[in-house]
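As a plain string of letters, each chain reads:
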Amino acid sequence: MTESLLSVRNLKVDFRLNDGTVSQAVTHAVRGVSFDVPVDSTVALVGESGSGKSVTALAVLGLLPKPNARVLSGSSIVYRNRELLGLTPRELTALRGAEISMVFQEPMSSLNPVFSVGFQLIEVLKKHLGFDGKRARARAIELLREVGIPDPYIRVDAYPHQLSGGQQQRVMIAMAIACEPRLLIADEPTTALDISVQKQILTLLYELRQRRQMAMLFITHDLGLVAEIADQVVVMRDGEIREQGAVTQIFSAPQDAYTKALLACRPPLNRRPLRLPVVEDFLRGAEPGIDTAERRRGVRGGAEIILEVNALSKHFHFREGLLRKREFKALANASFKLAKGKTLGVVGESGCGKTTLALTLMRLTPASGGSALFEGRDLLSLTPEQAMPYKRRIQIVFQNPYASLNPRFTAGQILMEPMRIHGIGADEAARVNISLDLMRKVGLPQPAFFKYPHEFSGGQRQRIAIARCLTMQPDVLICDEAVSALDHSVQAQLLNLLQDLQDEFGMSYIFISHDLAVVKYMSDEVMVMKDGAIVEMNDADAIYANPKNSYTKQLLASLPGQGAAVVGGAVS
Amino acid sequence: MSAVMTHETSPGLWALAWRRLRRDRVGMVSLVVVCAYLVVVAAAALGWIAADWPREVGVNYAPPGFAGADAPPPQGSLTPLPTAAAADEPGIVDPLADVLAELRKGLAAAPDAQARAATLPLGGDKWGRDVLKKVVKGTETSLVVGMVAALLAVLIGTVLGAYAGYYGGRMDDFLNWIYSVFTSIPYLLLVLAIAAVLNQKGTLTVILILGLTGWTGIFRLVRAEYLKHRTREYVLAADAIGTSNAQRMFAHIFPNVSHVVLVQLSLHVVLFIKSEVILSFLGFGVGVETVSWGSMLNESQSELILGKWWQLAAATTAMAVLVTAFSLFTDALRDVLDPRLK
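Residues numbered from 1 in each chain as written. Chains lettered and ligands numbered in written order. Predicted model: local features only at pLDDT ≥ 70, side-chain atom pairs only at ≥ 80, totals over all residues.

1. Structural notes on the overall build of chain B
Next up, step 1: Each helix and strand in chain B was counted, giving 13 helices and zero strands.
Next up, step 2: When the helices and strands of chain B are read in sequence order from the N terminus, they spell out α-α-α-α-α-α-α-α-α-α-α-α-α.
Next up, step 3: Residues classed as buried in chain B amount to 37% of the 342 residues present.
Next up, step 4: Long-range pairs, those at least 24 residues apart, make up 74% of the contacts in chain B between residues at least 6 apart in sequence. (Helix = DSSP H or I, 4+ residues; strand = E, 2+ residues; numbered from the N terminus. Buried ≥ 20, exposed ≤ 12 C-beta atoms within 10 Å, placed from the backbone. Contact = placed C-beta atoms within 7 Å.)

Right under this line is the structure:
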């Protein structure tokens, strides 16, 4: 290995928590982490939420939240033979930006909305490099060109909201590399972006790193991305390093059970095992052999249709000026059929109308036109009273499990409420029993009945949301990005659960996701949406193997880990 | 029955907030002070203490006990009434001569029959009424006015705010229009107008005036909260399972905005206590048959010229302590209820 630019030794970070239960609970966010970032290479820090990967990065930059975080003695962070932990705030500020810089996850909230991007770039250049106004502007335009912003002469005066999410992230990267840092720390730089944009940003980061011979510390939860960009991988869990090594070694011959589990729990694209392996399987030591049993997916001709959607549209109107109105078509003439007991996957990038489709079908937002026939009755033309009996038969699981449960209700109350409304269960006692039954089914322990949402993890909350739908025994369940906000290992568990429930209750799913691998694994049929319209719909296997539409092809090409699609070839 | 299964009741958000509050020393001290005031008010309302505040137990302007009694006035006369000689001046007929003679006779006939006290614990007012009892009774009036008016204002503001924010559209436009009308009229003018319409003085009138004019700020805040919450996923989820609009507004959203409402309630109690003082001071307050801090301050206006400071001191101290404690408690409440802290 060549000389190391940054070496972290035995880093320990404690957080003090004021959660109201114990006077001062301490969590050990990082417990003795050691790794090196060699010159001119990329090190990926991989871990799921709570693994301490971001805390480690913040510790390097000296950006830990002051009063609550404490770096324990014995820790050491050496950058070019200089210990960073003892530096004064002034010395750290000089180092940040000039020598070490950072790209954050959310470009939207990292850019100041009231200044043009050029202004923000020029400020950096003036402050750290002492450029004068004219020179700084010229340099800013150069930087924007380097990060691939089209027409940088014009865009330099654009405000953040005038740029797309991908372009905003490009501007953030331009700011980060403005002072030619030797080390770039990228904290989940692509997580908030659409999959095709994600790939462009990764390529950009890869090329920039090579061209400028920086070192990069790339933080992500997605092991799939790592293969494309990293030279070294550090796998973290619960504040500890589980495994580190060269990227080829991690992918071809992982040593640690957790690493193996992370690699295995992603749904494969080429096949469809009955169950996805979950982390617990691996940690228990019982390494599951390759599950050879395959689930058959796909809809054959004579399948019974439960929901038939015809020319469904949803328009929004914006007022422009005093009198003019602008129309935005969130959903334009969408028609499809959902087969009974089958899963229809819906894929598309943000803004393509996937969620509007779900909300319109649920009557949560009024449709502008079209019909949705459920057993021959048009759901959309019913009065609220007529719709009540149908409400329980078509249900939805939302994306964000932190937002979709009322924080003031216990899990029990959340489950009992729909049963009370729809008169399910003879009396309260019967309803309690049904709830407990369902909680067992979705894998929640009995005491959870009396707990509030804030006491559960994200995966458990999503289980509650699923159980809430199950109380009404729906025929159709819409999963709107239901697993997208969760860690991959938790995703695998929930996907298994959803499949089990489908087997048991014969529900039909409309499975909405931007994650192509997950949709492929879950769906019988797949529908690709773009700008509110359905561009292609076919059996899942057929569409992935042989996409007809150019947009579908483009979308599928951006799937990470698809061999040929790898950027520079860290892994061949 | 499954109701018998054993479980640990887990702390809800309110319980967690209470735990945080218990660790907030300033918050707890102010809570204790506020509670002490409430106990006094309850006792006064039930007639256990200070029921006889109108009795004239001391000499006029009896000084507080710790300041020592005044030197006995000459000739035992308590009030320096104009002497008869003044009325005997040639050419001037005193139209009140008869009345004065009557008064003089009355005073002479009852030379402190009930042996009026020369000093009182916190002094006496113009008629020798016990200032301590007046303060206690005044606390009752002021606090009751403050709390009931705040409840009324919060009720109006919350309900209207909930409807405006939840439904939006025309409902929102209409309620905002009402809001604008109320806020565009100068405050005192509005108070006078409502006072004129109600056409009688009294505690109830003050409560109505304060409640009917004070809801506007709460309306804006609650409306904003409902606007924010109505598109949250948990509300959509509640819609999806078939709850009615009213259930969503009050069973689902309200508990999640109640911390805002509670802080506003607490804030408005303080605000209205001060407003009542101002109204009474200006003469739009409670009637003469009741005493409040405001009416005490009003009386002490003329007393101060005579150097009788104790009624002013007692009323202001009582008010300052309560307002400070209540404000500090409100701050603590806001901190512990902040949902970001959960």
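And the narrative resumes.
2. Let's talk about the overall build of chain A
Next up, step 1: Scanning chain A from N- to C-terminus turns up 21 helices and 21 strands.
Next up, step 2: Its C-alpha atoms give chain A a radius of gyration of 26 Å, within 12% of the compact-globule value 25 Å for 572 residues.
Next up, step 3: Principal-axis analysis of the C-alpha atoms gives chain A an extent of 70 × 60 × 45 Å.
Next up, step 4: By residue count, 46% of the 572 residues in chain A fall in the buried class.
Next up, step 5: Counting contacts in chain A only where the partners sit at least 6 residues apart, residues at least 24 apart contribute 68% of the total. (Rg over C-alpha atoms; globule rule 2.2 N^0.38 Å.)

3. Comments concerning the packing of helix 11 (residues 245-282) of chain B against helix 12 (residues 293-305) of chain B
Residue and element names in this part refer to chain B.
Next up, step 1: For the pair helix 11 and helix 12, interaxial distance at closest approach is 7 Å and the crossing angle is 40°. As summarised for this structure, helix 11 and helix 12 are arranged oblique, according to the angle between their axes. Handedness of the crossing formed by helix 11 with helix 12: right-handed. Each of Glu 276, Val 277, Ile 278, Leu 279, Ser 280 and Phe 281 in helix 11 lies in contact with helix 12, whose residues at this interface are Trp 293, Gly 294, Ser 295, Leu 297 and Asn 298.
Next up, step 2: Looking at the contact of helix 11 with helix 12 residue by residue, the classes come out as six nonpolar, four polar and one charged. (Axes fitted to C-alpha atoms, helices over the stretch in contact; angles between N-to-C directions. Parallel < 35°, antiparallel > 145°, perpendicular 65-115°, else oblique. Left-handed = near helix turned anticlockwise from the far one by under 90°. Nonpolar A, V, L, I, M, F, W, Y, C, P; charged D, E, K, R; others polar.)

4. As for the packing of helix 7 (residues 187-198) of chain B against helix 8 (residues 203-214) of chain B
All names here are of chain B.
Next up, step 1: The contact between helix 7 and helix 8 brings their axes to 10 Å, and the two run at 135°. When the interaxial angle is binned, helix 7 and helix 8 end up oblique. The chirality of how helix 7 crosses helix 8 is right-handed. Only Thr 205, Leu 208, Ile 209, Leu 212 and Thr 213 of helix 8 make contact with helix 7, whose side of the interface consists of Tyr 187, Leu 190, Val 191, Ile 194, Ala 195 and Leu 198.
Next up, step 2: Looking at side-chain class alone, the contact of helix 7 with helix 8 contains nine nonpolar, two polar and no charged residues.

5. Some points on helix 13 (residues 354-361) of chain A
Residues and elements named next belong to chain A.
Next up, step 1: With eight of eight residues buried, helix 13 lies mostly within the body of the structure.
Next up, step 2: Within helix 13, burial applies to Lys 354, Thr 355, Thr 356, Leu 357, Ala 358, Leu 359, Thr 360 and Leu 361.
Next up, step 3: At the exit of helix 13 stands Arg 363, carrying a positive phi of roughly 60°.

6. Re the sheet that holds strand 10 (residues 232-237) of chain A
Residues and elements named next belong to chain A.
Next up, step 1: Spatial strand order, 7-8-9-3-10-11: six strands in an open sheet with mixed pairing. Looking at which strands have only one partner, the edges of the open sheet turn out to be strand 7 (100-103) and strand 11 (240-246). The sheet shows a mean angle of 15° between the axes of neighbouring strands, taken without regard to direction.
Next up, step 2: Inspection of the sheet shows strand 10 paired to strand 11 by six bridges, in the antiparallel sense. By the bridge assignment for strand 11, Val 235 is matched with Glu 243. (Pairing = 2+ DSSP bridges.)

7. Here's the deal with the confidence of the model for chain A
Next up, step 1: The predicted model of chain A has a mean per-residue pLDDT of 85, with 94% of residues at 70 or higher.
Next up, step 2: Model confidence for chain A, summarised as mean pLDDT per element, is weakest for helix 12 (residues 279-283) of chain A at 79 and strongest for strand 19 (residues 508-512) of chain A at 94. (pLDDT = per-residue confidence, 0-100.)

8. Structural notes on the nonpolar core
Where a protein is soluble and globular, its nonpolar side chains tend to be buried together.
Next up, step 1: Among the nonpolar cores identified, the biggest contains 240 residues, and Ala 44, Leu 121, Ala 174, Leu 183, Leu 217, Val 226 and Val 234 of chain A are the most heavily contacted of them.
Next up, step 2: For this core, the leading source of residues is helix 5 (residues 131-167) of chain B, giving 15 residues. (Core = buried A, V, L, I, M, F, W, Y, C linked by C-beta atoms within 7 Å.)

9. Examining the environment of Asp 239 of chain B
Next up, step 1: Along the chain, Asp 239 of chain B falls in helix 10 (residues 233-240).
Next up, step 2: Asp 239 of chain B sits in the buried class, given 22 other C-beta atoms within 10 Å.
Next up, step 3: Among all residues touching Asp 239 of chain B, those that are not within four sequence positions of it are Leu 364 of chain A together with Arg 248 of chain B.

10. Observations regarding the sheet that holds strand 21 (residues 533-539) of chain A
All names here are of chain A.
Next up, step 1: Read from one edge to the other, the open sheet built from six strands follows the order 17-18-19-14-20-21, with strand pairing classed as mixed. Two strands lie at the open edges of the sheet, namely strand 17 (394-397) and strand 21, each paired on one side alone. The mean angle between the axes of side-by-side strands here comes to 20°, regardless of whether they run parallel or antiparallel.
Next up, step 2: Where strand 17 lies against strand 18 (residues 476-480), four bridges are found, and the strand directions are parallel. Paired with Ile 396 across the strands is Ile 478, a residue of strand 18.
Next up, step 3: The strands touched by helix 21 (residues 550-557) within the sheet are strand 20 (525-530) and strand 21, with strand 20 carrying the most contacts at an inclination of about 100°.

11. A short note on unusual backbone geometry
Residues and elements named next belong to chain A.
Next up, step 1: Although it is not a glycine, Asp 151 adopts a positive phi angle of roughly 50°.
Next up, step 2: Position of Asp 151 among the secondary structure elements: in the loop between helix 5 (133-146) and helix 6 (152-155).
Next up, step 3: Backbone geometry at Arg 363 places phi at a positive 60°, although glycine is not the residue there.

12. Side note on the pairing of strand 20 of chain A
Side-chain positions along a regular strand alternate between the two faces of the sheet.
All names here are of chain A.
Next up, step 1: In terms of burial, strand 20 is largely enclosed, as five of its six residues are buried.
Next up, step 2: Pairing of strand 14 (residues 343-347) with strand 20, which is carried by four bridges, proceeds in the parallel orientation. Pairing of Leu 344 across the sheet is with Glu 525, part of strand 20.
Next up, step 3: Relative to strand 21, strand 20 is paired through six bridges, and the arrangement is antiparallel. Its bridge partner lying in strand 21, Met 527 is registered against Met 537.
Next up, step 4: Hairpin connection of strand 20 to strand 21: two residues between the antiparallel strands, including Asp 531 at a positive phi of 50°.

13. Description of the confidence of the model for chain B
Atom-level detail of predicted coordinates should not be read off regions where pLDDT is low.
All names here are of chain B.
Next up, step 1: Here chain B averages 80 in pLDDT, and 83% of its residues register 70 or above.
Next up, step 2: Mean pLDDT across the elements of chain B ranges from a minimum in helix 3 (residues 84-87), with 49, to a maximum in helix 9 (residues 216-229), with 93.
Next up, step 3: Ignoring residues within four places in sequence, the model shows residues 1-6, a span with pLDDT below 50, making eight contacts including any to other chains.
Next up, step 4: Both scores are given for the predicted complex: the pTM is 0.79, the ipTM 0.78.

14. Some remarks on the environment of Val 191 of chain B
Residue and element names in this part refer to chain B.
Next up, step 1: Position of Val 191 relative to the elements: it lies in helix 7.
Next up, step 2: Residue Val 191 is classed as buried on the basis of its C-beta count, with 21 C-beta atoms lying within 10 Å.
Next up, step 3: When the C-alpha atoms of Val 191 and Leu 279 are compared, they prove to be 9.0 Å apart, with 88 residues separating the residues in sequence.
Next up, step 4: Those residues within four positions of Val 191 in sequence are excluded, and the remaining contacts are Ile 209, Thr 213, Leu 279 and Phe 284.

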